[in-house]
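One-letter residues, chain by chain:
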Amino acid sequence: MKVPLYVAVGGLVIGVSGMMSMGIGSFLSSESEEEISRKEREKIALQRKVDPESVRKRVQEFLSSIGIGESDSLSLSGKLVGGAEDLLAPKGGKSPVKGALVTAASYITGAIIPSSPYIAGLGGLEGVLSSFLISGIAIAVVGYMIGIVSSVNPRRKSLEMSVLGLGAAVATYLLGNLLSSLLGIHLA
């Protein structure tokens, strides 16, 4: 009974550590994006007061870059200078705290799911296969939901995520076995 407990505790410790790391990383990333956008918006607003023609040219370049023809982008750019910040440096609208919490919850869920057979006391090949099965089902369900939300074929998205996710799990398992053999570590 000790080995499944060790695997479960190890998986959860790594999960909690990753949850904190990924949550903090998400928070800092979102906060930085928000700060950069705010500074760029301030810069554009100041530039519009000092040199509105340069802002109009930037708006025209932006419109051209998204496929609007030269004559249309020229005529539209003059009308859109007043809202240049919204075109050239849109507000993120994401809450850094919310993003961090979603990332943290997703990460810990991703650690609990494959650890659950070991938490239940399964070990050995039965634990490994149960972990792969439960993880595969969870990945398939998430892939299907992503497919629906993103308007792509949900079955294809589910299959793609399952193959990649389980492929990574099998590769990690095999790497762990290889390292255990090379380092002479055996938990049985």
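Residues numbered from 1 in each chain as written. Predicted model: local features only at pLDDT ≥ 70, side-chain atom pairs only at ≥ 80, totals over all residues. Heavy atoms only, no water.

## Details of helix H1 (residues 2–50)
Logical step 1: The terminal C-alpha atoms of H1 lie 71 Å apart, and with 49 residues this matches the ideal 72 Å at 1.5 Å per residue to within 8%.
Logical step 2: Looking at the buried positions of H1, the neighbouring elements they touch are helix H2 (52–65), helix H4 (84–88) and helix H5 (96–119). (Helix = DSSP H or I, 4+ residues; strand = E, 2+ residues; numbered from the N terminus. Expected span 1.5 Å × (residues − 1). Contact = heavy atoms within 4.5 Å.)

## Details of the nonpolar core
Logical step 1: Counting seven residues, the largest nonpolar core consists of Ile44, Val55, Val59, Leu63, Val81, Ala84 and Ala89.
Logical step 2: The element best represented in this core is H2, accounting for three residues. (Core = buried A, V, L, I, M, F, W, Y, C linked by side-chain atoms within 4.5 Å. Buried < 20%, exposed > 50% of the residue type's maximum accessible area, 1.4 Å probe, protein only.)

## Here we look at the packing of H2 against helix H3 (residues 70–80)
Logical step 1: Axis separation between H2 and H3 bottoms out at 8 Å; the angle between their running directions is 135 degrees. For the element pair H2 / H3, the angle class is oblique. The two elements H2 and H3 cross, and the hand of that crossing is right-handed. Contact residues: Arg56, Val59, Gln60, Leu63 and Ser64 in H2; Glu70, Ser73, Leu74, Leu76, Ser77, Gly78 and Leu80 in H3.
Logical step 2: Within the contact of H2 with H3, the residues separate by chemical class into five nonpolar, five polar and two charged. (Axes fitted to C-alpha atoms, helices over the stretch in contact; angles between N-to-C directions. Parallel < 35°, antiparallel > 145°, perpendicular 65-115°, else oblique. Left-handed = near helix turned anticlockwise from the far one by under 90°. Nonpolar A, V, L, I, M, F, W, Y, C, P; charged D, E, K, R; others polar.)

## Structural notes on unusual backbone geometry
Logical step 1: The phi angle at Ser151 is positive, at roughly 60 degrees, despite the residue not being glycine.
Logical step 2: Structurally, the position occupied by Ser151 is in the loop between helix H6 (124–149) and helix H7 (154–183).

## A closer look at the side chain of Ser115
Logical step 1: With respect to the helices, strands and loops of the structure, Ser115 is situated in helix H5.
Logical step 2: Ser115 sits in the buried class, given a relative accessible area of 6%.
Logical step 3: In contact with Ser115, not counting residues within four places along its chain, are Ala8, Gly11 and Leu12.

## With respect to the confidence of the model for the chain
Logical step 1: Of all residues in the chain, 98% attain a pLDDT of 70 or more, and the chain-wide mean is 90.
Logical step 2: Per-residue pLDDT, averaged within each element of the chain, yields its smallest value for H4 (86) and its largest for H6 (94). (pLDDT = per-residue confidence, 0-100.)

## A look at the packing of H5 against H6
Logical step 1: At a minimum axis separation of 8 Å, H5 and H6 run at an interaxial angle of 150 degrees. Judged by the angle between their axes, H5 and H6 are roughly antiparallel. H6 is crossed by H5, and the crossing has right-handed handedness. Contacts between H5 and H6 pair Ile113, Pro114, Ser116, Pro117 and Tyr118 from the former with Gly124, Gly127, Val128, Ser130, Ser131, Ile134, Ser135 and Ala138 from the latter.
Logical step 2: Considered class by class, the residues forming the contact of H5 with H6 number seven nonpolar, six polar and no charged.

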